[in-house]
Amino acid sequence: MFVMTIDQQGSRTSADAVPGVLAALEPVAAVVGFARTIGDEVQGVLADPVAVAEAVRRVAVDSDWHIGIGIGEVERPLPETTVEARGEAFYAARQAVEAAKSAPAHLVVRTGTERSSAPEPASADLPASASAATPAAHLDFAEAALRLLVSSLGELRVQSRGYIGFRLDDPEATQTEIAESFGVSQQAVSRVLAPGTAEIIAGAQGLAAHHLGLAEGARNVD
């Protein structure tokens, strides 16, 4: 199971962004829906790694957040809200979001079981097959892919992120349709989409989902 805990960056000097991010996360398939916990923090429980990667992308499109992802067990039966929930995935997500405040792209992925030793840096030479990677390596790959996703979106203006999100939510949409939705020219949308940023984001999202699933699966086997 996956728990996502996200905390707004610079909340003391910025407007409350929680309502906006909750609206952005509403389409994501969650087993315990995303909701405000305390202050400017939001939390949700997910079972599908594809949904986790999608949620990260939606958060990164919406605004700037510290993102913590915990992988582990969640006590059953599942409650209606996360504030009533317990389990190692929640503990891992709490550690992750705190670590995210000083981490690249403000994102960290952790499991409920701490690694026995510090992970080795991910090698440029990827394993010949996914099954050849260790559980720790899958975590590293998932984290790296999600950080690429967040960083790539972070280089864009907020409205430009919206163009990317629209394209990924509706791949069949034309640039003209996207432009009409945002009240801008087709040329403005083209300047953002032409470099292939949407494809980079989609690739990072898919790669992250793949390795999140393998990390959870390997952990369950162990």
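Please read these numbers as outputs of a predicted model, since none were measured by experiment. (Residues numbered from 1 in each chain as written. Predicted model: local features only at pLDDT ≥ 70, side-chain atom pairs only at ≥ 80, totals over all residues. Heavy atoms only, no water.)

A. Inspection of the nonpolar core at higher detail. Within the largest apolar cluster, 48 residues are counted, with the highest numbers of intra-cluster contacts made by Met4, Ile6, Leu25, Val56, Ile67 and Leu146. With eight residues, helix α2 (residues 49-62) is the single largest residue contributor to this core. Not counting residues up to four positions away in its chain, the partners in contact with Ile67 are Met4, Thr5, Ile6, Val56, Val59, Val97, Ala100, His106, Leu107, Val108 and Val150. Judged by nonpolar contacts, the second largest core, of nine residues, contains Val32, Val45, Ala85 and Ala93. (Core = buried A, V, L, I, M, F, W, Y, C linked by side-chain atoms within 4.5 Å. Buried < 20%, exposed > 50% of the residue type's maximum accessible area, 1.4 Å probe, protein only. Helix = DSSP H or I, 4+ residues; strand = E, 2+ residues; numbered from the N terminus. Contact = heavy atoms within 4.5 Å.)

B. Molecular detail of the pattern of salt bridges. According to the stated counting rule, one finds 10 salt bridges in the structure shown. Close ionic contact of Arg94 with Glu41 constitutes a salt bridge, the shortest N to O distance being 2.8 Å. Within this pair, whereas Arg94 is found in helix α3 (residues 88-100), its partner Glu41 is found in strand β3 (residues 41-46), the two being separated by 53 residues in sequence. On the basis of relative accessible area, Arg94 is assigned to the partly exposed category, the value being 32%. Between Asp169 and Arg58 there is a salt bridge, with its nearest N and O atoms 2.9 Å apart. Taken together, the residues Asp169 in helix α5 (residues 158-169) and Arg58 in helix α2 connect sequence positions 111 residues apart. Accessibility expressed as a relative area gives 13% for Arg58, which makes it buried. (Salt bridge = Lys/Arg side-chain N within 4 Å of Asp/Glu carboxyl O.)

C. Seen up close, the pairing of strand β1 (residues 2-8). Of all seven residues in β1, seven are buried, a share of seventy percent or more. With burial as the criterion, each face of β1 is covered, one bearing Phe2, Met4, Ile6 and Gln8 and the other bearing Val3, Thr5 and Asp7. As defined by bridge partners, β1 adjoins β3 across six bridges and the pair is classed as antiparallel. The residue of β3 that forms the bridge with Asp7 is Glu41. For β1 and strand β4 (residues 65-71), the ladder comprises seven bridges, and the chain directions are antiparallel. Residue pairing for β4: Met4 is matched across the bridge by Ile69. (Pairing = 2+ DSSP bridges.)

D. Just the sheet that holds β1, in detail. Strand order in the open sheet made by the five strands is β2-β3-β1-β4-β5, with mixed pairing throughout. Because the sheet does not close on itself, it has two edges, and the strands there are β2 (32-36) and β5 (107-111). If you compare each strand with its neighbour and ignore which way they point, the axes differ by 10° on average. As paired elements, β4 and β5 share five bridges and run parallel to each other. Residue pairing across strands places Gly70 opposite Arg110, the latter belonging to β5. Each of β1, β3, β4 and β5 is contacted by α3, which is oriented at about 150° to β4, the strand it contacts most. Sheet strands in contact with helix α4 (residues 135-154) are β4 and β5, and its direction is about 160° off that of β5. (Axes fitted to C-alpha atoms, helices over the stretch in contact; angles between N-to-C directions.)

E. Representation of the packing of helix α1 (residues 18-25) against α2 in the model. Contact geometry of α1 with α2 gives a least axis separation of 9 Å together with a crossing angle of 140°. The hand of the α1/α2 crossing is right-handed. Within the contact between the two elements, α1 uses Gly20, Val21, Ala24 and Leu25 and α2 uses Ala55, Arg58, Val59 and Asp62. Tallied by class, residues from the contact of α1 with α2 come to five nonpolar, one polar and two charged. (Left-handed = near helix turned anticlockwise from the far one by under 90°. Nonpolar A, V, L, I, M, F, W, Y, C, P; charged D, E, K, R; others polar.)

F. The arrangement of the packing of aromatic side chains in detail. Across all of its chains, the model carries two aromatic pairs by this definition. A ring pair is formed by Tyr163 and Phe182, whose centres lie 5.0 Å apart and whose planes are at 80°; its orientation type is edge-to-face. You can see Tyr163 sitting in helix α5 and its partner Phe182 sitting in helix α6 (residues 175-182), a full 19 residues away along the chain. Among the residues examined, Phe182 registers a relative accessible area of 30% and is labelled partly exposed. An aromatic cluster is defined as three or more aromatic residues linked by ring pairs; in this entry it consists of Tyr163, Phe166 and Phe182. (Phe/Tyr/Trp six-rings, centres within 6.5 Å; stacked < 30°, edge-to-face > 60°.)

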